[in-house]
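Topology and contacts: notes
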2 protein chains.
Amino acid sequence: MNRRGTTTTVVFGAALLAICQSVAFAQPAPGPLPSWNDGAAKKAIIAFVERVTKPGSSDFVPVPERIATFDNDGTLWAEQPMYFQLAFALDRVKALAPTHPEWKDKEPFASLLKGDLKGALAGGEPAIVQIMMATHAGMTTEEFDSIVRDWVARAKHPKTGQLYTEMVYQPMLELLTYLRANGFKTFIVSGGGIDFMRPWTEKVYGVPPEQVIGSSIKTTFERRNGKPVLVRLPELNFVDDKAGKPVGIHQHVGRRPIAAFGNSDGDLEMLQWTTAGAGARFGLLVRHTDAAREWAYDRASPIGRLDKALDEAGARGWTVVDMKTDWKVIYPFEKR
Amino acid sequence: MNRRGTTTTVVFGAALLAICQSVAFAQPAPGPLPSWNDGAAKKAIIAFVERVTKPGSSDFVPVPERIATFDNDGTLWAEQPMYFQLAFALDRVKALAPTHPEWKDKEPFASLLKGDLKGALAGGEPAIVQIMMATHAGMTTEEFDSIVRDWVARAKHPKTGQLYTEMVYQPMLELLTYLRANGFKTFIVSGGGIDFMRPWTEKVYGVPPEQVIGSSIKTTFERRNGKPVLVRLPELNFVDDKAGKPVGIHQHVGRRPIAAFGNSDGDLEMLQWTTAGAGARFGLLVRHTDAAREWAYDRASPIGRLDKALDEAGARGWTVVDMKTDWKVIYPFEKR
């Protein structure tokens, strides 16, 4: 076959394929974001994605610059009645108690082990830091990875009885998929622990460990039983919350996102930083308005407080999602 | 067309395409790593890649776990007669001198401005830190990005007269490409500044900013002229060298690489950490043996000292590249 013959046949073969495929898929496609009602939020998301992906458009953004950042607690998965990582820490305190007899007389552990959560947390932030360090440090990074994997595979949410990794928002899973299908790289940017999220984000959200940004403790390289390991130290390294979020994004990604998704005042600076860049930008806040299917809380909530960021959303043109009216379903298990 | 007809035609079209493509590309392909001589190093690289990418092989590694980490100075680009980032800093001192009249009487700046580099660096590490902080901090992240872009577009290497970004190793560029073509994600893990590398690594190495790990200073989120910015502070954040490299890799990637590439004792812990993992692992050291085409230095060099890591290479089965005999060309500009 000469060169021209080859080319013609290739073109013919490709055309045939295209025709056959269009016949095979002639039923109307379901369209993006099927669990979103056709309201302003869904329209705003799709309009933004179409603007930045349309070749030749003045708002076109090349694929490598299509960076989208997502908060986790309250944005991708639920955060009530307490941050899920705190539930993990409390379970770990119980599991470790037999090897820590001194905890019986030492706060906040003593109250915790008596089932008095309120008493344990009465110590405020220092008490929480003590609980976190006692349960998150002292082991190698690989040991901690196993501990987290084991916990997320078994622990159940106190209200729904579902695995915590089932308490994710179906509409947000669709949003992650939709953005990636349009060339976006999706990152998690959470106040939660980076190494608490990484063992399961790839399976649950399709976000690989290297695209997870979070708070961290220090680690140190050493040799244990002749093998090099990284050991987790009871010392804070970085707090990826509020003004720390743009810092964490710069440290990990090295470019400003063009879209950011959050739900609380902890995400305010991330949305400010993202949407202040030149060109088309998108900011979105998930508002927890559905007491029946999820929870309803905002300005007065100690967990996931949404107050200043809500005030700023209007002025800055950020999209506010009303969970009750914008989302057809909340969790994937509702659809089964 | 009924469903069976569609399927048959699609299969037929696909087969036709496959045949035509095999005809169109019947000339023998050049093979990977064309600038590498057919020695032990090239063979070891290809054997490793084939082992981990062969489906069904006991050494098969799924694509998301194919993480390869590369040192930069002396591994991907040259590092003589001084680290290129130090050359950048010295140029910046000269550029900034008019706005710093006090430098005329203040070391290490006074010596530097008189052209006495040796005198300036006589102050050791504190002198270098002073120079780095004076030239790398105080501006926003976006301003620093522009400064670096401008410098790499203009500054020339004192020996070759080439742009610094031309002083990269052609065989290593081919290695990066070869690994990525085999599903690897390639990361840079350098003692150099993360924000000094990011403005040009995508263009020069095909490594996007989010896959660059390096040393860093702290940044802080603030508002300048009503706009949110990140400001670079004269305060060390992280040193990504020696035992810091595995820590930096864990922080950024969250999984252990399966292959690591370095050239000096600064890479020893990265290679130890990488090759101690379970399954097939690969460690490689570039040895600078070519005084004619590049430089020859190892155990006694203050820059890029290769001593302990070279001793360990044999015992651990790491591949040692001899630049003089393994590489057909050193720099891309030799081929023009």
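Everything numeric in this text was worked out from a predicted model, so none of it was measured.

The rules we used
- Residues numbered from 1 in each chain as written.
- Chains lettered and ligands numbered in written order.
- Predicted model: local features only at pLDDT ≥ 70, side-chain atom pairs only at ≥ 80, totals over all residues.
- Heavy atoms only, no water.
- Helix = DSSP H or I, 4+ residues; strand = E, 2+ residues; numbered from the N terminus.
- Buried < 20%, exposed > 50% of the residue type's maximum accessible area, 1.4 Å probe, protein only.
- Contact = heavy atoms within 4.5 Å.
- Areas by Shrake-Rupley, 256 points an atom, 1.4 Å probe, with all protein chains shown as cover.
- Salt bridge = Lys/Arg side-chain N within 4 Å of Asp/Glu carboxyl O.
- Axes fitted to C-alpha atoms, helices over the stretch in contact; angles between N-to-C directions.
- Parallel < 35°, antiparallel > 145°, perpendicular 65-115°, else oblique.
- Left-handed = near helix turned anticlockwise from the far one by under 90°.
- Nonpolar A, V, L, I, M, F, W, Y, C, P; charged D, E, K, R; others polar.
- Core = buried A, V, L, I, M, F, W, Y, C linked by side-chain atoms within 4.5 Å.
- Phe/Tyr/Trp six-rings, centres within 6.5 Å; stacked < 30°, edge-to-face > 60°.
- Lys NZ or Arg CZ within 6 Å of the ring centre and 35° of its normal.
- Pairing = 2+ DSSP bridges.
- Expected span 1.5 Å × (residues − 1).
- pLDDT = per-residue confidence, 0-100.
- Polar contact = N/O pair within 3.5 Å; in protein donor to acceptor, adjacent residues only side chain to side chain.

Looking only at helices and strands, chain A has 13 helices and eight strands in total. Principal axes of the C-alpha set define a box for chain A whose edges measure 85 × 55 × 40 Å. Taken over 336 residues, chain A has a buried fraction of 54%. The long-range share in chain A, meaning contacts at least 24 apart out of those at least 6 apart in sequence, stands at 65%. Taken as a whole, chain A presents about 14900 Å² of accessible surface, with 56% of it coming from carbon and sulfur.

Counted by the stated rule, this structure contains 40 salt bridges over all chains. With a closest N to O distance of 2.7 Å, Lys245 of chain A and Asp267 of chain A form a salt bridge. Pair noted here: Lys245 of chain A is in helix α10 (residues 244-252) and Asp267 of chain A is in the loop between β5 (259-262) and α11 (268-275), with a separation of 22 residues, a long-range link. As far as the burial class goes, Lys245 of chain A and Asp267 of chain A line up, both buried. Between Arg299 of chain A and Asp307 of chain A there is a salt bridge, with its nearest N and O atoms 2.7 Å apart. One salt-bridge network, in which partners are shared between bridges, spans Lys185 and Arg255 of chain A together with Glu202 and Glu210 of chain B.

Another aspect to go through is the packing of helix α2 (residues 40-53) of chain B against helix α8 (residues 170-181) of chain B. Residue and element names in this part refer to chain B. Packing of α2 against α8 brings their axes to within 11 Å, and their N-to-C directions diverge by 15°. The pairing of α2 with α8 is recorded here as roughly parallel in orientation. Seen along the crossing, α2 lies across α8 with a hand that is right-handed. Across the interface between the two elements, Ile45, Ile46 and Val49 of α2 pack against Leu175, Tyr178 and Leu179 of α8. Class assignment of the residues belonging to the contact of α2 with α8 gives a composition of six nonpolar, no polar and no charged.

Among the nonpolar cores identified, the biggest contains 70 residues, and Met172, Leu175, Tyr205 and Phe261 of chain B are the most heavily contacted of them. The element that contributes the greatest number of residues to this core is helix α3 (residues 84-96) of chain B, accounting for eight residues. Among residues more than four places away in sequence, those in contact with Phe261 of chain B are Ala68, Thr69, Phe70, Asp71, Thr75, Met172, Leu175, Leu179, Met270, Leu271, Phe282 and Leu284 of chain B. Counting 69 residues, the second largest nonpolar core, distinct from the first, contains Leu76, Tyr169, Ile188 and Phe196 of chain A.

So, about the packing of aromatic side chains. All names here are of chain A. The full count for this structure, using the stated rule, is 38 aromatic pairs over all chains. Between the aromatic rings of Trp36 and Trp327, the centroid separation amounts to 5.8 Å while the plane-to-plane angle is 75°, which identifies the pairing as edge-to-face. Of this pair, Trp36 sits in the loop between α1 (3-24) and α2 (40-53) while Trp327 is found in the segment after α13 (323-326), placing the two residues 291 residues apart along the sequence. Here Trp36 matches Trp327 in class, with each residue buried. Members of the aromatic cluster, each reached through a chain of ring pairs, are Trp77, Phe84, Phe88, Phe144, Trp151, Tyr164, Phe196, Trp200 and Tyr205. Looking at Lys159, its charged tip hangs above the ring of Trp295, at a distance of 4.3 Å from the centre. Its end group placed over the ring of Trp273, Arg256 keeps NZ or CZ at 3.7 Å from the ring centre.

All right, on to the side chain of Ser190 of chain A then. Residue position: Ser190 of chain A is located in strand β2 (residues 185-193). If we skip the residues at most four places from it in the chain, Ser190 of chain A touches Asp71, Asn72, Asp73, Met197, Ile213, Gly214, Ser215, Asp240 and Lys245 of chain A.

Time to look at unusual backbone geometry. In this chain, Gln80 of chain A is followed by Pro81 of chain A through a cis amide linkage whose omega measures 0°. Examined against the element boundaries, Pro81 of chain A turns out to sit in the loop between β1 (67-70) and α3 (84-96). Cis peptide bonds are those with omega within 30 degrees of zero, and the linkage from Glu107 of chain B to Pro108 of chain B qualifies with 5°. Position of Pro108 of chain B relative to the elements: it lies in the loop between α3 and α4 (109-113).

All names here are of chain B. At a minimum axis distance of 9 Å, the contact between α3 and helix α6 (residues 124-136) shows a crossing angle of 65°. Between α3 and α6 lies a crossing whose hand is left-handed. Counted together, Gln85, Phe88, Ala89, Leu90, Arg92, Val93 and Leu96 of α3 and Ile131, Met132, Ala134, Thr135 and His136 of α6 form the full contact between these two elements. For the contact of α3 with α6, a count of residues per class yields eight nonpolar, three polar and one charged.

The next subject is the side chain of Thr274 of chain B. Residue and element names in this part refer to chain B. Within the fold, Thr274 resides in helix α11 (residues 268-275). Looking at Thr274, the relative accessible area reads 0%, which means it is buried. Residues within four places of Thr274 in sequence aside, it is in contact with Thr69, Arg256, Pro257, Ile258, Ala259, Ala260, Arg281 and Phe282.

Moving on, we get to the pairing of strand β3 (residues 212-224) of chain B. Here strand β2 (residues 185-193) of chain B pairs with β3 of chain B via three bridges, running parallel. Bridge assignment links Gly193 of chain B to a residue of β3 of chain B, and that residue is Ser215 of chain B.

It is worth spelling out α6 of chain B at this point. Residues and elements named next belong to chain B. Here α6 is 13 residues long and its end C-alpha atoms lie 18 Å apart, about the 18 Å a rise of 1.5 Å per residue gives. Turning to α6, its buried residues are Ala127, Ile131, Met133, Thr135 and His136. The secondary structure elements touched by the buried residues of α6 are α3, α4, α5 (117-121), α7 (141-154), β3 and β4 (227-238).

What follows is about the confidence of the model for chain A. The share of residues in chain A with pLDDT of 70 or more is 91%, and the mean pLDDT across the chain is 92. Overall, residues 1-24 of chain A carries pLDDT values under 50, and its contacts beyond four positions in sequence, including any with other chains, amount to 21 contacts.

Residues and elements named next belong to chain A. In this structure, Leu163 sits in the loop between α7 (141-154) and α8 (170-181). It is 25 Å that separates the C-alpha atoms of Leu163 and Phe109, two residues lying 54 residues apart in sequence. Those residues in contact with Leu163, other than ones at most four positions away along the chain, are Val152, Ala153, Arg154, Ala155 and Lys156.

On to the environment of Arg305 of chain A. Residues and elements named next belong to chain A. Of note, Arg305 is situated in the loop between β7 (296-297) and α12 (308-316). Sequence separation between Arg305 and Glu50 is 255 residues; the distance between their C-alpha atoms is 32 Å. In this view, Arg305 contacts Ser264, Asp265, Asp298, Arg299 and Ala300; residues no more than four positions away in its chain are not counted. Side-chain polar atoms of Arg305 contact the backbone oxygen of Ser301, separated by 3.2 Å.

Residue and element names in this part refer to chain B. By the bridge criterion, eight bridges tie β3 to β4 in an arrangement that is antiparallel. Residue pairing across strands places Thr220 opposite Val231, the latter belonging to β4. The antiparallel pairing of β3 with β4 creates a hairpin that spans two residues between the two strands, and Asn225 there sits at a positive phi of about 50°.

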